[in-house]
Amino acid sequence: MGEVVDQWANIHQDMLDEFAKRFHLYDDYLQLRLVCKQWNFKLPKILNGNKAPWLLLPIGGGAATNEAFKVDTHKEILEEKGIYHLTLPELQYQLIRGSCYGWLIIVSMYEGTIRMLNPLTKVFLDLPPISNLPDVIYNEDQCSFYFHGHYMITEKTILANKFLIWKVIINSAPDDINFMAVALYGSSRLAFYKPSNKRWLKLPTRALPYFQDVIFFQRWIFAIEYDGQLYRFDTMTKAGPMVTIFKPSTPFHTVTTKDINQKYLIVTADRSLLMVVRHLINLICEEEERSYKTTKFDIYELKENSNAWSRISSLGNYILVIGFNASVQMFAGNLLNSKGNQIYFTDSLVEEQSLVETYYHNIGIFNLEDGSCQEVLSDVNFFCPPVWILP
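Residues numbered from 1 in each chain as written. Predicted model: local features only at pLDDT ≥ 70, side-chain atom pairs only at ≥ 80, totals over all residues. Heavy atoms only, no water.

> I tried to follow the nonpolar core on my own but got confused; where do I start?
Generally speaking, a soluble globular protein has its nonpolar side chains buried in company with each other. Residues Leu127, Leu133, Phe145, Leu190 and Trp200 are the most contacted members of the largest nonpolar core, which totals 43 residues. When sequence neighbours within four positions are dropped, the list of residues in contact with Leu190 reads Val182, Ala183, Leu184, Tyr185, Leu201, Lys202, Leu203, Phe211, Val214, Ala223 and Phe233. (Core = buried A, V, L, I, M, F, W, Y, C linked by side-chain atoms within 4.5 Å. Buried < 20%, exposed > 50% of the residue type's maximum accessible area, 1.4 Å probe, protein only. Contact = heavy atoms within 4.5 Å.)

So this is what it looks like as structure tokens:
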């Protein structure tokens, strides 16, 4: 019997890969890797070992099942062979509000908890809850907080839990000694968390900011406002968090009254900063139904020691991935069946998604070369916004 076991353990890599191709349920694939130590070593944690962005699509009415779709741009946007099924009951009554380093950041609609979930290993880690955020007051079934920076409002707790958190990002995997998380909430507030602090701490801002994205860059935290004003936060000072505000000149085009724009920050491979401006139009604006369409993207670069955003027209061999994930740039040459000069996007309009019963998410791939856009699943009303996972 020992020889038979050794033969299976030492199976040729090509044959083992053929076995792996026939597994479409990730839970079953995990069992395949556990057959023996050699198989666990030879088989990648991610099926096919592809580093391309995966799109997690919550299927069902409250979360029993979620399907992870790997994107392949040379054929159809979503290929049947690139679909893997994950059973994630852990997402029941949860909203995804972040995706970084293979972890999802999820918010409970009913309990107000903020947790990190690894969708492949099913490991949970807790972050401090919504009630711990600065300037948020829980009172039985009601929650009071500042919204859009102007005034404090009070809503039922369940509704507040749905749209108070706009985005949560982390700077590393949670086992890193310098692990940190940042929450963008109420559009005008930023708070950071370090395990040594045990709670969310406020980042100082001016009176009425309107933030649209936040990102880690070197030792700092950067946040972008609606008008292009840039905040840089330093949490390493002994005196507490310090803020520096920049107003780089921006060659913005005139925005029409029907145009909505969402800004994202991305760190490039050469360590400069990109501001991606996404233009959307409101297709449906009824009481219980809403949908938006992305019409174009403008990209601006802020080089080190520069005081002006300069517009760039091409990404070359790179792609950008934006949405509820921490916005990133990726080299297309390292991705299977991908080409550069494209933007992979999902819908991240929290307020609009939370306040209507039927919302059709805007998801797709935008080609900067010819301005074309391949949209997917525009007729599906997901209970929770889809999100990119970057394994």
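Anyway, onward from the coordinates.
> Mind showing me how you'd approach the sheet that holds strand β25 (residues 342–345) here?
Adjacent strands of a sheet form backbone hydrogen bonds with each other and so pair up, either parallel or antiparallel. The mixed open sheet is built from five strands, whose spatial order is β24-β23-β25-β27-β28. Each of the sheet's edge strands pairs with one partner strand only, and the pair in question is β24 (328–331) and β28 (373–376). Direction aside, the axes of adjacent strands within the sheet are offset by 20° on average. In terms of strand pairing, strand β23 (residues 318–322) meets β24 through four bridges, oriented antiparallel. Looking across to β24, one finds that Tyr318 is bridged to Phe331. (Pairing = 2+ DSSP bridges. Helix = DSSP H or I, 4+ residues; strand = E, 2+ residues; numbered from the N terminus. Axes fitted to C-alpha atoms, helices over the stretch in contact; angles between N-to-C directions.)

> Teacher, can you tell me more about the sheet that holds strand β11 (residues 165–170) here?
Overall, antiparallel pairing links the four strands, which are arranged β11-β12-β13-β14 in an open sheet. The two strands at the open ends of the sheet, each matched to only one other strand, are β11 and β14 (201–202). Relative to β14, strand β13 (residues 189–193) is paired through two bridges, and the arrangement is antiparallel. Bridging across to β14, Ala191 finds its partner in Lys202.

> I would appreciate a short explanation of the environment of Val376 in the present structure.
Topologically, Val376 is positioned in strand β28. Residue classification places Val376 among the buried positions, given a relative accessible area of 12%. The spacing of Val376 and Asn362 is 14 residues in sequence and 7.8 Å in space, taken between C-alpha atoms.

> Where do I start with the pairing of strand β7 (residues 124–127) in this structure?
Regular strands place side chains that alternate from one sheet face to the opposite one. As paired elements, strand β6 (residues 114–117) and β7 share four bridges and run antiparallel to each other. From the neighbouring strand, Arg115 faces β7, where its bridge partner is Asp126. Counting the residues in the hairpin turn of β6 and β7 gives six residues, including Lys122, whose phi is positive at 70°.

> Explain the packing of aromatic side chains to me, please; I cannot follow it from the model alone.
Each aromatic ring pair is described using two quantities: the centre-to-centre distance and the angle formed by the ring planes. This structure, assessed with the given rule, holds twelve aromatic pairs. Between Tyr344 and Trp388, the aromatic rings sit 5.6 Å apart at their centres with planes inclined by 55°, giving tilted as the arrangement. Of this pair, Tyr344 sits in strand β25 while Trp388 sits in strand β29 (residues 387–389), placing them 44 residues apart in sequence. Note on accessibility: Tyr344 and Trp388 belong to one class, buried. Three or more aromatic residues joined by ring pairs make a cluster, and in this case those are Trp166, Tyr210 and Tyr226. Seen from the ring of Phe124, Arg115 lies directly overhead, with NZ or CZ sitting 3.9 Å from the centre. Stacked on the ring of Tyr226, the Lys or Arg Lys263 has its end atom at 4.7 Å from the ring centre. (Phe/Tyr/Trp six-rings, centres within 6.5 Å; stacked < 30°, edge-to-face > 60°. Lys NZ or Arg CZ within 6 Å of the ring centre and 35° of its normal.)

> So what exactly am I meant to see when it comes to the pattern of salt bridges here?
Side-chain pairing between opposite charges can occur once the charged atoms of the two side chains come close. According to the stated counting rule, one finds eight salt bridges in the structure shown. Here Arg115 makes a salt bridge to Asp126, at a shortest N to O gap of 2.8 Å. Residue Arg115 is located in strand β6, and its partner Asp126 is located in strand β7; the two are separated by eleven residues in the primary sequence. Exposure remark for Arg115: the relative accessible area of 27% places this residue in the partly exposed category. Accessibility expressed as a relative area gives 55% for Asp126, which makes it exposed. A salt bridge links Arg189 to Asp135; the shortest N-O distance between them is 3.2 Å. Here the residue Arg189 occupies a position in strand β13, and Asp135 occupies one in the loop between β7 and β8 (137–139), the gap between them amounting to 54 residues. A relative accessible area of 12% places Arg189 in the buried class. (Salt bridge = Lys/Arg side-chain N within 4 Å of Asp/Glu carboxyl O.)

> Looking at this structure, I do not really get the environment of Val276. What am I missing?
If you trace the backbone, Val276 turns up in strand β20 (residues 273–285). Among the residues examined, Val276 registers a relative accessible area of 0% and is labelled buried. Considering only alpha carbons, one finds Val276 and Tyr300, 24 residues apart in sequence, at a separation of 6.4 Å. Beyond its immediate chain neighbours, meaning those up to four positions away, Val276 contacts Gln262, Lys263, Tyr264, Ile266, Phe297, Asp298, Leu320 and Ile343.

Functional significance is not addressed by these values, which are geometric in nature.
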